[in-house]
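Examining the three-dimensional arrangement
Each chain, written out:
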Amino acid sequence: MNTQTTSNRAAPRELSREEIEKQFRYAEQVAAIHKQNGRVGESAPRCFVQTFGCQQNEADSERIAGLAILMGYTITHDPAEAKLILVNTCAVREHAEKKALSIIGQYKHLKDADPEVIIGVGGCMVTQQHRADQLKRSYPYVSFVFDTASIHTLPELVAGILAGRGRKFFVGGEGNIAEGIPTHREIAYKAWLSVMYGCNNFCSYCIVPYTRGRERSRTPDAILAEARQLIADGAKDITLLGQNVNSYGRDLGDTTFAELIDAVANLEGDFRLRFMTSHPKDASDELIEVMAKNEKIVRHFHLPLQSGSDNILSRMNRRYTAEKYYGIVEKLRSAMPDISLSSDIIVGFPGERSEDFEATMDMLRRVRYDAIFSFIYSPRKGTPAAEMTDQVPHDISTARFERMLALQNEISLARNQRFVGRELRVLAEEISHGDATKVTGRGDSPRPIHFAADPGVIGQFVNVKITAADTFSLSAEQI
Ligand code: 5AD
Ligand code: SF4
């Protein structure tokens, strides 16, 4: 399985304007049906979009909502008042799938109460045929599924259901790029910008290459045009997204991620740029140079380590060693001494011995990340690691996981304390949860910063002075 390459898949292609316009016509048909029934304006039917999983799913949901609006729906946050419920699922760990299935199960009563309700399920979970089949078989109130490459076909799917053409559970859309799909963004000042889709890496534990297909890059022109529009619409914090942004452009031939981010950072406007995710095997010196010279690119790098043991890294098919990884950390810190670092770590990968786990702990002590996202290994059907015979017993993984959290919490607290007394430029993002007199914002590091402020500052950059540090957040006062 690890040997799969681009050569045995159909070449990714940008969908033609006609294909997209065909979908827009289906959307018009759906909107016309609502209109005929007098469901316009205040009485327009509601659509509820529920998102699980990563930022790529968040970005996809903005297009899902954009298409729903094109079909004459108004977006709601309350599933109970929705005529169209679209669930965008994740498959990266079993827990995510269980959660999505349980929520979908809860929507049965909404369909029972109102047979007009249409429930559709998309995302990585249903892009696996066995899950699509399971929904078809055991969730009769679900009308259709749409795979990650077929979001643009939502109008056709909804029109089909309204026309009584029957439930649809086909997955297997070709890896493609659909440009020109409208997006609905709830917050103008924070934006996701997908630069590429899919992944070619086949890390042995990961389902993503199977659910999102091969890497395909959007053109720099399309990305720059979207970035310009976002900035014009008030975006202050833009995250360039891809499963492995550092391989951006390989399929286009003559451009790199470093060149792309440099071009976006050179656009006019007061905004800052982030990016994720970077595979350590592809993190380039060129990218580090571009970051260091460019004030608009935040001083934060998310660089998933996964494991600090070369033995496990090799079994994970990660294609770097712990030493090579640490070399990148050194380069980043020598170019930008105060950079914040974060990482993803998997605990209890098959065959992880005590010494392998200790090697990961050593790397945490050595790198001193600002934050880590740690996960207990979850076998994913169809991936090579799920077939490995030396699975680690759950109680051992859990004990290791807890030790790791305790160590990282100490490190995170110490790292956060370096900010105390400093002045930072922060984007005010929202009213603080649990304290309506405060606003929460973020600087370069993704750590939330809470400070007393008028809610009117939300969406703007403000200067604050950090007064105290916690393990997971900072307190500040506005200057
Ligand atoms: N089990 C546990 N964690 C996983 N991840 C990906 N696949 C699995 C899995 N099967 C983690 C990796 C990745 C993050 C997004 O999710 O750490 O970087
Ligand atoms: Fe999964 Fe990321 Fe590895 Fe791709 S690079 S296979 S998305 S963990």
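The present account deals with the structure reproduced in this document.

Reading the values: the criteria
Residues numbered from 1 in each chain as written. Chains lettered and ligands numbered in written order. Predicted model: local features only at pLDDT ≥ 70, side-chain atom pairs only at ≥ 80, totals over all residues. Heavy atoms only, no water. Near = heavy atom within 4 Å. Polar contact = N/O pair within 3.5 Å; in protein donor to acceptor, adjacent residues only side chain to side chain. Areas by Shrake-Rupley, 256 points an atom, 1.4 Å probe, with all protein chains shown as cover. Helix = DSSP H or I, 4+ residues; strand = E, 2+ residues; numbered from the N terminus. Nonpolar A, V, L, I, M, F, W, Y, C, P; charged D, E, K, R; others polar. Pairing = 2+ DSSP bridges. Axes fitted to C-alpha atoms, helices over the stretch in contact; angles between N-to-C directions. Buried < 20%, exposed > 50% of the residue type's maximum accessible area, 1.4 Å probe, protein only.

1. Points about the site of ligand 1
- All residues in the neighbourhood of ligand 1 are listed as V92, R93, Y205, Q306, D344, I346, F375, I376, Y377, S378 and R380.
- One nitrogen or oxygen atom from the main chain of S378 is found 2.8 Å from a nitrogen atom belonging to ligand 1.
- Compared with its free state, where it exposes 400 Å², ligand 1 has 86% of that area covered by protein.
- Those elements giving two or more residues to the shell around ligand 1 turn out to be β14 (340-347) and β15 (371-376).
- Taken together, the residues that form the shell around ligand 1 break down as six nonpolar, two polar and three charged.

2. Considering the sheet that holds strand β17 (residues 435-442)
- The strand order around the closed barrel formed by five strands is β16-β17-β18-β20-β19, and the pairing between neighbours is mixed. The average undirected angle you get between the axes of adjacent strands in this sheet is 55°.
- Strand direction decides the pairing type here: strand β16 (residues 423-432) and β17, joined by five bridges, are antiparallel. By the bridge assignment for β17, E430 is matched with T440.

3. What about the environment of E289?
- Here E289 is to be found in helix α10 (residues 285-293).
- Since its relative accessible area comes to 56%, E289 is described here as exposed.
- Distance from E289 to F146, taken between C-alpha atoms, is 40 Å for residues 143 residues apart in sequence.

4. A word on the sheet that holds strand β13 (residues 300-302)
- Read from one edge of the open sheet, three strands run β13-β14-β15, paired in parallel fashion. Among the strands making up the open sheet, the edge pair consists of β13 and β15. Pairs of neighbouring strands in the sheet enclose a mean axial angle of 10°, with direction left out of account.
- Sheet topology places β13 next to β14; three bridges connect them, and they run parallel. Within β14, the residue paired with F301 across the bridge is L341.

On their own, these measurements won't tell you what the molecule is for.
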